[in-house]
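# Structural overview
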2 protein chains.
Amino acid sequence: MRWLLLASSTIVLSWLVGRSLARRRRRRSLRVHFLQKGHGGKSMVGWTPTDEHVDAICRKLSADVVVTSGEDLPKDAVDVLVAAFPTREQLLQVKNSIRALFVPFAGFPPPTRQLIKDMGLDRTLFVCNLHHNAPMTAELAVALGLAACKQVFEADRLLRSNDWSARGIPCDGVPEPLPMLLLQGKTALVVGYGEVGQRVARIMSAFGMQVLATRASASRVELDKHTTVHPPADLISLLPVANIVFLCVPLTSGTSRMLGRRELEMLPKGSVLVNVSRGEVLDEDALYEALCKRENLFAAGIDTWYNYPATSKDIHNTPVSTKNDFSKLSNVIMSPHRGGAVGLQETELARLSAIAEALNLAAEKNDVRAMPCQVDVERGY
Amino acid sequence: MRWLLLASSTIVLSWLVGRSLARRRRRRSLRVHFLQKGHGGKSMVGWTPTDEHVDAICRKLSADVVVTSGEDLPKDAVDVLVAAFPTREQLLQVKNSIRALFVPFAGFPPPTRQLIKDMGLDRTLFVCNLHHNAPMTAELAVALGLAACKQVFEADRLLRSNDWSARGIPCDGVPEPLPMLLLQGKTALVVGYGEVGQRVARIMSAFGMQVLATRASASRVELDKHTTVHPPADLISLLPVANIVFLCVPLTSGTSRMLGRRELEMLPKGSVLVNVSRGEVLDEDALYEALCKRENLFAAGIDTWYNYPATSKDIHNTPVSTKNDFSKLSNVIMSPHRGGAVGLQETELARLSAIAEALNLAAEKNDVRAMPCQVDVERGY
């Protein structure tokens with residue numbers, strides 16, 4: 001009896017061990033490489049992980065994820081390449097093993113997209129990015145929009161020199177108050193109803209505004225809570241009623257220069273424009289001209305520009321444009337591409353957590369397609 | 001037959017005329033006087049109707065409302081006196097007939113309240129005011145708060161001189177970005193949950209913030225949609241978790257200097273303060289000191305101050321304080337009491353409509369107590 005028990009226990013035990021080994025073997029490790037520095041990007045748009053970042057991410061990763069990092073690719077195969085601007089040579093080197101390209105920020109750099117298409121990887125390579133800072137971008141968009149609507153700067157400038165004339169008191173001898181755009185009961189137009197746009201829409205709706213939005217994937221007019229979501233072709237018919245416009249689209253061939261002279265001239269008198277997407281979405285000369293004229297465009301809050309510092313040495317002496325002097329205009333709020341709140345401790349912790357979560361998910365499911373925030377290479381976002 | 005028709009027509013006509021007269025007699029006229037200029041107010045806070053305003057209101061009034069206006073009171077009896085700063089002599093003159101004092105803006109000037117109490121009118125006189133510009137005030141409060149949270153000014157100032165250093169890019173040689181307060185997941189505290197405070201609470205909730213509020217009339221903790229409303233005594237326990245504080249209370253003996261050094265020291269590190277109520281609510285020296293220290297108070301957006309232009313001649317040369325030089329601080333957004341958006345055409349049209357609506361209601365119901373926005377003279381708001 002005792003022998004029988006021992007024998008059967010041994011059999012059960014061996015079966016359990018075997019099963020466990022099999023399970024471990026079945027789940028292959030996920031090999032991830034973080035490409036550091038030396039990338040093909042020139043505009044300082046984006047983010048590249050330091051050694052400290054990679055260490056911090058590793059501390060959050062499950063044992064199934066095997067990490068390498070550096071300026072060069074490892075000799076071994078790579079499943080996931082974390083990089084925004086890989087070169088052709090780098091992609092060629094990992095072409096046979098790579099299953100996913102992970103862009104570690106919001107957006108998908110057009111040169112990288114072009115490279116993937118040129119190399120014929122667009123059908124097989126899974127591309128994903130990060131939306132960890134969508135709330136920060138939406139918050140800055142609203143902050144810029146409100147500062148423009150209320151002329152908070154001009155009023156501050158005057159009051160600092162003891163001048164209260166921005167204030168209105170309808171009595172003899174007091175000048176007209178500084179104009180403001182009142183929001184309640186007016187209409188906000190959110191161009192690009194993605195992670196950022198949806199948040200902006202929810203906030204503007206809480207101001208008692210009617211909110212209209214356009215979204216590339218909307219094929220007909222849809223109602224989403226307080227927002228009416230339109231296909232992009234409706235943009236032209238929405239602009240004439242838009243008291244404040246938020247540009248929250250990704251940069252694609254379809255959104256490049258989507259707002260030009262014709263579109264800005266359709267805005268109603270006293271309207272405000274906010275751009276937190278990419279400079280290329282809003283035609284530079286058309287914007288500058290509309291701000292100078294002050295006919296229908298009252299003011300603008302601009303976070304994304306036409307000229308960027310090329311290297312860290314240029315950050316103190318690079319104008320936002322090489323053609324137009326926006327710095328002379330008092331009706332534009334100038335913001336140095338801070339939407340993503342890049343570099344703030346809170347944002348960076350959220351970024352590292354989001355990267356680790358996505359990689360853990362891919363390892364757990366043994367499928368890189370389990371990572372959230374997939375990018376459609378054809379569409380470009 | 002013809003005579004019969006004529007006679008009966010005459011009878012019917014006389015009856016109709018008589019009925020009409022009787023109806024007009026039954027509803028007594030409401031006698032309203034608009035006190036213009038020469039009022040007892042010294043601070044240019046408030047609003048006094050011009051002849052044009054009175055004319056515009058009259059065009060919206062029903063025939064039952066009989067209007068007079070001027071610096072002096074009429075010889076006849078007055079039912080409703082539209083005035084914010086009546087003098088003792090003026091109130092004595094109408095004491096026997098007056099049934100309501102109508103303050104034509106938000107708030108209730110403390111000197112007027114004192115006068116009413118001193119004259120023993122507080123039990124009999126119905127006092128009401130206007131909340132037509134609560135949405136505008138809430139919008140400016142949020143605009144000032146966001147500008148302070150995001151340091152939109154400082155970033156703009158730098159970028160205008162081609163300096164992108166407010167932006168964060170975690171790569172070698174790039175300085176730390178300009179700090180920002182991120183809102184999602186944080187806590188907003190709305191002190192004074194009235195017409196303005198409720199709107200601010202709704203907006204901040206849409207940012208994904210937890211919203212706490214205090215309200216004088218809340219005797220216990222109540223849940224109002226996304227906001228937890230506390231009695232004023234809870235303020236001290238709420239301050240340590242408040243990342244952004246909005247002061248939206250009326251000025252009363254209970255709210256005067258309700259935030260002093262002790263309260264500001266309880267705020268968490270990196271917090272932001274907005275005052276759109278009255279300067280007296282926030283202790284001046286405590287505010288100035290906290291802004292200079294930059295220990296727990298990160299920045300502030302201030303719309304209501306400690307020193308105001310006394311007359312329209314002084315609007316170009318009156319500092320916001322005679323003690324502290326706020327204009328030297330870069331972490332305060334200075335706004336010249338623009339919350340009410342006084343003087344803007346849109347606000348003024350809303351004001352005139354709201355005044356006419358209230359008076360029409362009083363005339364229609366033959367009861368001045370039918371006017372909305374009653375002020376509790378004892379409480380002072």
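Let me begin by describing the structure that accompanies this report. Here, residues in each chain are numbered from 1, in the same order as that chain's written sequence. Whichever chain is written first is A, and whichever ligand is written first is 1; the rest continue in order. Two thresholds apply to this predicted model, a pLDDT of at least 70 for residue-level local features and 80 or more for giving and counting side-chain atom pairs, whereas whole-chain, interface and lining totals are computed over all residues. With hydrogens and water excluded, all non-hydrogen atoms of the structure serve as input to the side-chain values.

## Description of helix 2 (residues 51–60) of chain B
All names here are of chain B. To sort residues, take the accessible area from a 1.4 Å probe on protein chains only and compare it with the maximum for the residue type: under 20% means buried, over 50% means exposed, and anything in between is partly exposed. In this description a helix means any DSSP run of H or I spanning at least four residues, a strand means any run of E spanning at least two, and both kinds are numbered starting from the N terminus. Along helix 2, the residues that are buried comprise His53, Val54, Ala56 and Ile57. Across the axial projection of helix 2, the buried residues extend over an arc of 160 degrees, all falling on one side. Turned more than 90 degrees off the buried face of helix 2, the exposed positions are Glu52 and Arg59. Close packing links the buried residues of helix 2 with strand 1 (30–35), strand 2 (65–70) and helix 11 (345–365). It is the directions from the helix axis to the C-beta atoms that the arc portrays. Two residues form a contact once any of their heavy atoms are found within 4.5 Å.

## Notes on the relation of the copies chain A and chain B
Taken as rigid bodies, chain A and chain B are interconverted by a rotation of 180 degrees and an axial shift of 0.0 Å, the fit giving an RMSD of 0.1 Å. Put plainly, the chains are arranged around a two-fold axis. Interface overlap between copies: 99% of the residues of chain A at the interface are likewise at the interface in chain B, consistent with a symmetric, same-surface contact. Here the copies are superposed with least squares, the fitted atoms being C-alpha atoms of residues at a pLDDT of at least 70 in both.

## What about the pairing of strand 9 (residues 227–230) of chain B?
Residue and element names in this part refer to chain B. Strand pairing is defined by DSSP finding a minimum of two bridges between the two strands. Summarising the sheet, strand 7 (residues 210–214) and strand 9 pair through four bridges and their orientation is parallel. Considered in strand 9, the bridge of valine 211 is made with threonine 227. Pairing analysis gives three bridges linking strand 8 (residues 222–224) to strand 9, with the strands arranged antiparallel. Across the sheet, residue aspartate 224 finds its bridge partner in strand 9, namely threonine 227.

## Things to note about the sheet that holds strand 2 (residues 65–70) of chain A
Residues and elements named next belong to chain A. Spatial strand order, 2-1-3-4-5-14: six strands in an open sheet with mixed pairing. Both outer strands of the open sheet, strand 2 and strand 14 (374–375), are each paired with one neighbouring strand and no more. Pairing geometry for strand 3 (residues 80–82) and strand 4 (residues 100–102), over three bridges, is parallel. Bridged to valine 82 within strand 4 is phenylalanine 102.

## Things to note about the side chain of Arg167(B)
On the secondary structure map, Arg167(B) appears in the loop between helix 6 (152–160) and strand 6 (187–191). There is no salt bridge for the buried Arg167(B), and the closest opposite charge comes from Asp303(A), which lies 7.6 Å off by N-O distance. Any pair of N or O atoms that falls within 3.5 Å is considered a polar contact. Within protein, one atom must be able to donate a hydrogen and the other to accept it, and sequence-neighbouring residues count only if both atoms are side-chain atoms. One polar contact links the side chain of Arg167(B) to the main-chain carbonyl oxygen of His337(A), over a distance of 3.4 Å. None of His or the chain ends enter the tally, which takes Lys and Arg as positive and Asp and Glu as negative. Basic side-chain nitrogens of Lys or Arg form a salt bridge, by our definition, when they fall within 4 Å of a carboxyl oxygen of Asp or Glu.

## Description of unusual backbone geometry
Residue and element names in this part refer to chain A. In the Ramachandran plot, arginine 257 falls in the positive-phi region, its phi being about 50 degrees despite a non-glycine side chain. The residue arginine 257 is located in the loop between strand 10 (244–247) and helix 9 (261–265) in this model. Taking the relative accessible area as the measure of exposure, arginine 257 reaches 59% and is therefore exposed.

## Description of the nonpolar core
Throughout, nonpolar core names a set of buried Ala, Val, Leu, Ile, Met, Phe, Trp, Tyr and Cys residues whose side chains join them through atoms within 4.5 Å. Formed by 88 residues in total, the largest nonpolar core has its most connected members in Met204(A), Phe207(A), Val200(B), Met204(B) and Phe207(B). Beyond its immediate sequence surroundings of up to four residues, Phe207(A) is in contact with Val142(A), Leu146(A), Leu183(A), Gln184(A), Glu139(B), Val142(B), Arg202(B) and Ile203(B). Judged by nonpolar contacts, the second largest core, of 48 residues, contains Ile57(B), Leu91(B), Val103(B) and Ala354(B).

## Points about the environment of Val82(A)
Inspection of the secondary structure assignment puts Val82(A) in strand 3. Non-local contacts of Val82(A), meaning those with residues more than four positions away in its chain, are made with Val32(A), His33(A), Phe34(A), Leu35(A), Phe102(A) and Pro104(A).

## So, the packing of helix 7 (residues 195–206) of chain A against helix 7 (residues 195–206) of chain B
Angles run from 0 to 180 degrees between N-to-C directions of axes, and those axes are lines fitted to C-alpha atoms, restricted for helices to the stretch in contact. In the contact formed by helix 7 of chain A and helix 7 of chain B, the axes pass within 8 Å of each other and the chain directions differ by 175 degrees. Put simply, helix 7 of chain A runs roughly antiparallel to helix 7 of chain B. Across from Arg202(A), Ile203(A) and Ala206(A) in helix 7 of chain A, the residues of helix 7 of chain B making contact are Arg202(B), Ile203(B) and Ala206(B). Our angle categories are set so that under 35 degrees counts as roughly parallel, over 145 as roughly antiparallel, 65 to 115 as roughly perpendicular, and the remainder as oblique.

## Comments concerning the packing of aromatic side chains
Geometrically, a pair of aromatic rings is defined through the distance of the ring centres and the angle of the planes. Residues and elements named next belong to chain B. Only rings of Phe, Tyr and Trp enter the pairing, Trp through its six-membered ring, and a pair is recorded when the two centres are within 6.5 Å. The plane angle decides the type: under 30 degrees is stacked, over 60 is edge-to-face, the rest tilted. For the coordinates displayed, the defined rule picks out eleven aromatic pairs over all chains. Note on phenylalanine 85 and phenylalanine 105: the rings are 6.5 Å apart at their centroids and 40 degrees apart in plane angle, and the pair reads as tilted. You can see phenylalanine 85 sitting in the loop between strand 3 (80–82) and helix 3 (88–94) and its partner phenylalanine 105 sitting in the loop between strand 4 (100–102) and helix 4 (110–118), a full 20 residues away along the chain. We note that phenylalanine 85, like phenylalanine 105, is buried. For the ring pair tyrosine 306 and phenylalanine 326, a centre distance of 6.2 Å and an interplane angle of 20 degrees mean the geometry is stacked. Of the two residues, tyrosine 306 sits in the loop between strand 12 (297–302) and strand 13 (332–334) while phenylalanine 326 sits in the loop between strand 12 and strand 13, which places them 20 residues apart along the sequence.

## Re empty space enclosed by the protein
Residues and elements named next belong to chain B. Grid points spaced at 1 Å over the protein atoms alone were grouped into cavities, where a 1.4 Å probe fits but cannot get out, and pockets, open sets with protein on both sides within 12 Å along at least five of seven lines, with lining residues defined by an atom within 4 Å of a point. Grid points are joined across faces, edges and corners, and a volume is the space filled by probe spheres set on the points. Within this structure, the stated rule accounts for eight cavities of 30 Å³ or more. Of the pockets and cavities examined, the largest cavity occupies roughly 80 Å³. In terms of lining residues, the largest cavity is bounded by Ala147, Ala148, Gln151, Phe153, Glu154, Arg294, Phe298, Ala299, Ser330, Asn331, Val332 and Ile333. For the lining of the largest cavity, the secondary-structure elements that each account for two or more residues are helix 5 (134–150), helix 6, strand 12 and strand 13. Any residue that is not Ala, Val, Leu, Ile, Met, Phe, Trp, Tyr, Cys, Pro, Asp, Glu, Lys or Arg is counted as polar, Gly included; the first ten are nonpolar and the last four charged. Looking at the lining of the largest cavity, its residues break down into seven nonpolar, three polar and two charged.

## Here's the deal with the interface of chain A and chain B
Contacts between the two partners involve 83 residues from chain A and, on the opposite side, 82 residues from chain B. Buried area between chain A and chain B, both sides added, is near 6900 Å², and the carbon and sulfur share of it is 62%. In short, buried area is how much 1.4 Å probe accessible area vanishes from two parts on joining, totalled over both. Of all residues in chain A, Arg160(A), Trp164(A) and Arg338(A) give up the largest surface area on contact with chain B, accounting jointly for 12% of the area buried on that side. Of the charged contacts in the structure, one is a salt bridge between Glu346(B) and Lys186(A), with a shortest N-O distance of 2.9 Å. For the pair chain A and chain B, the number of links is 32 residue pairs in polar contact (both at pLDDT 80 or more). Every element with two or more residues in the side of chain A that touches chain B is listed here: helix 5 (134–150), helix 6 (152–160), helix 7, strand 13 (332–334) and helix 11 (345–365) of chain A. Considering every element that reaches the side of chain A that touches chain B, the biggest residue donor is helix 5 of chain A, with nine residues. Grouping the amino acids of the side of chain A that touches chain B by side-chain chemistry returns 46 nonpolar, 22 polar and 15 charged.

## Considerations on the pattern of salt bridges
For the structure on display, the rule yields 30 salt bridges over all chains. Between Arg99(B) and Asp79(B) there is a salt bridge, and its shortest N-O distance comes to 3.3 Å. You can see Arg99(B) sitting in the loop between helix 3 and strand 4 and its partner Asp79(B) sitting in the loop between strand 2 and strand 3, a full 20 residues away along the chain. Assessed through its relative accessible area of 28%, Arg99(B) is described here as partly exposed. Looking at Asp79(B), the relative accessible area reads 1%, which means it is buried. With a shortest N-O distance of 2.8 Å, Arg261(B) and Glu289(B) are connected by a salt bridge. Highlighted residues: Arg261(B) in helix 9 (residues 261–265) and Glu289(B) in helix 10 (residues 284–293), separated in sequence by 28 residues. Linked through salt bridges whose partners overlap, the residues forming this network are Arg31(A), Asp79(A) and Arg99(A).

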